[in-house]
Every structure is written in structure tokens, then in C-alpha cells.
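Listed below, chain by chain, are the residues.
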Amino acid sequence: MGLPDIVTREEWLVAREELLVKEKAATRARDALNAARRGLPMVEVDKEYYFDGSAGKATLLDLFDGRDQLIVYHFMFAPEWDAGCRSCSAFLDQIGHLAHLRARGTNFVAVSRAPYTALLTFKARMGWTVPWFSTNGGDFNYDFQASFTEEPRDVPAINCFLRDGDRVYHTYATFARGLDGIGSTSSLLDLTALGRQEEWERPAGRASALGAPAGSARVRYHDEYED
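What counts and how
- Residues numbered from 1 in each chain as written.
- Predicted model: local features only at pLDDT ≥ 70, side-chain atom pairs only at ≥ 80, totals over all residues.
- Heavy atoms only, no water.
- Buried < 20%, exposed > 50% of the residue type's maximum accessible area, 1.4 Å probe, protein only.
- Helix = DSSP H or I, 4+ residues; strand = E, 2+ residues; numbered from the N terminus.
- Arc of directions from axis to C-beta.
- Contact = heavy atoms within 4.5 Å.
- Salt bridge = Lys/Arg side-chain N within 4 Å of Asp/Glu carboxyl O.
- Polar contact = N/O pair within 3.5 Å; in protein donor to acceptor, adjacent residues only side chain to side chain.
- Phe/Tyr/Trp six-rings, centres within 6.5 Å; stacked < 30°, edge-to-face > 60°.
- Lys NZ or Arg CZ within 6 Å of the ring centre and 35° of its normal.

Q: In this structure, what is going on with helix α3 (residues 86–93)? I would like to understand it.
A: Helical geometry: 3.6 residues make up each α-helical turn, so side chains three or four residues apart lie on a common side. Turning to α3, its buried residues are C88, S89, F91 and L92. Burial along α3 is one-sided: seen end-on, the buried residues are contained in an arc of 155 degrees. In α3, the exposed positions angled more than 90 degrees off the buried face are occupied by R86, S87 and D93. Looking at the buried residues of α3, the elements they touch are β4 (69–74), β5 (106–112), α5 (116–126) and β9 (157–164).

Next up, the structure:
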């Protein structure tokens, strides 16, 4: 194994400060990329989709659970499998407490093609509390490019949605390596149309879109949220 070079503390500080310049440039570039993502147009979802969950049949609108935004994680779990994808399982293990997302009017759910009973069994084994729905043999995974019929396969994916009343809009999608580094509350919010809802974000005017203080001002201990 090739280990890092051994240097003096003074030499390390010089090298660290040189790297810090690049890190700050990367942060600014990421902020610009997130702003461009929030600037994407959106398309209305006018097709009905149905899912199987803990309360029985659910629509795409139901998956919002009354919130304004929805992040859907497409978990690879084919109907004929006995267990879920290992990489997808590792991804769900990284998801933090959903109270922080929900405080920003954003819900997070996982969906898979496997029957709900199989999802429920595996979810109990993994100890997850994330809402998980079966696509019930429907078109949802295929219409949003997480499953393919010509070469039967699934891919890990995230799709983001925004609702205006009962109208649902698709705002963003990312797949495979596009999920690298995602899992924290802020990284998930960065994928959405409303973002972190901070005053400094662009485009302006979305920090108060949900009628609440800007993002950081509403952070609480996860057991102190009213929701």
C-alpha cells in the first residue's frame, strides 16, 4: 500500500492551504450547479400511478403525505428476488432522520418492483423506518427510467416531484453514479426545486415558499418538530 508522504507540520499546513483553495472552488461550483438544477423547468405528471404500502393502495399524490415536495428513491428489488440490492441497502442505511426533510415540506420514500410483503420482510430485517412502496407491477419504474424491458434490468435512481394542490410535477432525475455523495438532508434537498430554502440560494424567492422561516432557522432536534 502506498501511504501519503511524511512531512513536517509546517509543510503539511502549506499543502493543506493549497488544497483548501481547490475545495472552496469546488463548493462554489457545487452551489452554481445546484442553482442551475433549481432552474430546471418541470413537467406535469398526468398519468395515474398506484403503489402498495402500509395503508393499502396509494397514488403518487398520496406519497407526498401532504407535503409540497417528494423525493423517490428507486430501490433495486425485482419481484423474483429474495432480498434487496446490497448497494441500494447501503444507500438507505445512509439516510438520516426524515424529520429534518419533512420540516422543509419534503417527503422521502423508496419504491421497488417487488411485492409489498417482500419489502416489508426485508425492511424489518434491515431495521429501516423509511416509507417503502411496491410499484405493484405498474409502469412507474419504467416511465421514470429506473427499469427497462428491452434489456430486463433495474438501475438505482432518484426522481423528485413538486405539487401544487393536486397537480404533481416532475422536477429532477438522477441515476447510478449521480447518487454518489447523496444521503444527508442537505444533499437530498439540493436535488429539489425548492432546495434547502435558504436566503442565500438562487433563484431567489424560494426560501419562504413553504411559509416558514428559511432553512437553517427551522432546524430542531428531531424529536422537537411539531410534525
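Q: Just checking my understanding: could you explain the pattern of salt bridges for this structure?
A: Opposite charge on two side chains lets them pair, provided their charged atoms get close. A full pass over the atoms with the stated rule returns 11 salt bridges. Here the residues in one salt-bridge network are K47, D139 and D143, joined through shared partners.

Q: When you look at the environment of Y225 in this model, what are you seeing that I'm missing?
A: Tracing the backbone through its elements, the reader meets Y225 in the segment after α7 (185–189). By relative accessible area, which is 13% here, Y225 ends up buried. Separated by 126 residues in sequence, Y225 and A99 place their C-alpha atoms 7.1 Å apart. Within the local environment of Y225, its side chain forms a polar contact with the side chain of H100, the two groups lying 2.9 Å apart. Here R220 takes part through its backbone nitrogen, which lies 3.0 Å from a polar atom of the side chain of Y225.

Q: Any chance you could explain unusual backbone geometry here in plain terms?
A: A negative phi angle characterises most non-glycine residues, just as the trans form characterises most peptide bonds. Look at the link from R202 to P203: it is a cis peptide, with omega at 5 degrees. The residue P203 is located in the segment after α7 in this model. Not every positive phi belongs to a glycine, and N136 is a case in point at roughly 60 degrees. For N136, the position within the fold is in the loop between β6 (132–134) and α6 (140–143).

Q: So what exactly am I meant to see when it comes to α5 here?
A: Taken as a whole, α5 has its buried residues at Y116, L119, F122 and K123. The buried residues of α5 occupy an angular sector of 130 degrees when the element is viewed end-on, so they sit on one face. Residues T117, T121, A124 and R125 are exposed on α5 and point more than 90 degrees away from its buried face. Buried residues along α5 sit in contact with β2 (50–53), α3, β5 and β6. Of the residues flanking the end of α5, it is G127, one or two places downstream, whose phi is positive at about 75 degrees.

Q: Would you mind showing me how to read the side chain of S187 here?
A: Examined against the element boundaries, S187 turns out to sit in helix α7. With relative accessibility at 12%, the residue S187 sits in the buried group. For S187, the contacting residues outside a window of four places in its chain are G181 and I182.

Q: I keep staring at the packing of aromatic side chains and nothing clicks. Help me out?
A: Remark: the centre distance and the inter-plane angle together describe each pair of aromatic rings, the angle taken between the planes. Summed over all chains, the structure comprises 15 aromatic pairs. On the basis of an interplanar angle of 55 degrees and a centroid distance of 6.2 Å, the ring pair of F77 and W132 is categorised as tilted. Residue F77 is located in the loop between β4 and α3, and its partner W132 is located in strand β6; the two are separated by 55 residues in the primary sequence. Pair check on accessibility: F77 and W132 agree, each one buried. Members of the aromatic cluster, joined through ring pairs, are Y73, F75, F77, F91, F122, W128 and W132. Its end group placed over the ring of W12, R9 keeps NZ or CZ at 5.1 Å from the ring centre.

Q: Please clarify how the side chain of N107 should be interpreted in this entry.
A: When you line up the elements, N107 lands in strand β5. Within the structure, the side chain of N107 is placed 2.8 Å from the backbone oxygen of L63, a separation counted as a polar contact. Ignoring sequence-local partners within four residues, the contact set of N107 consists of L63, F64, D65, R67, Q69, L70, I71 and R102.

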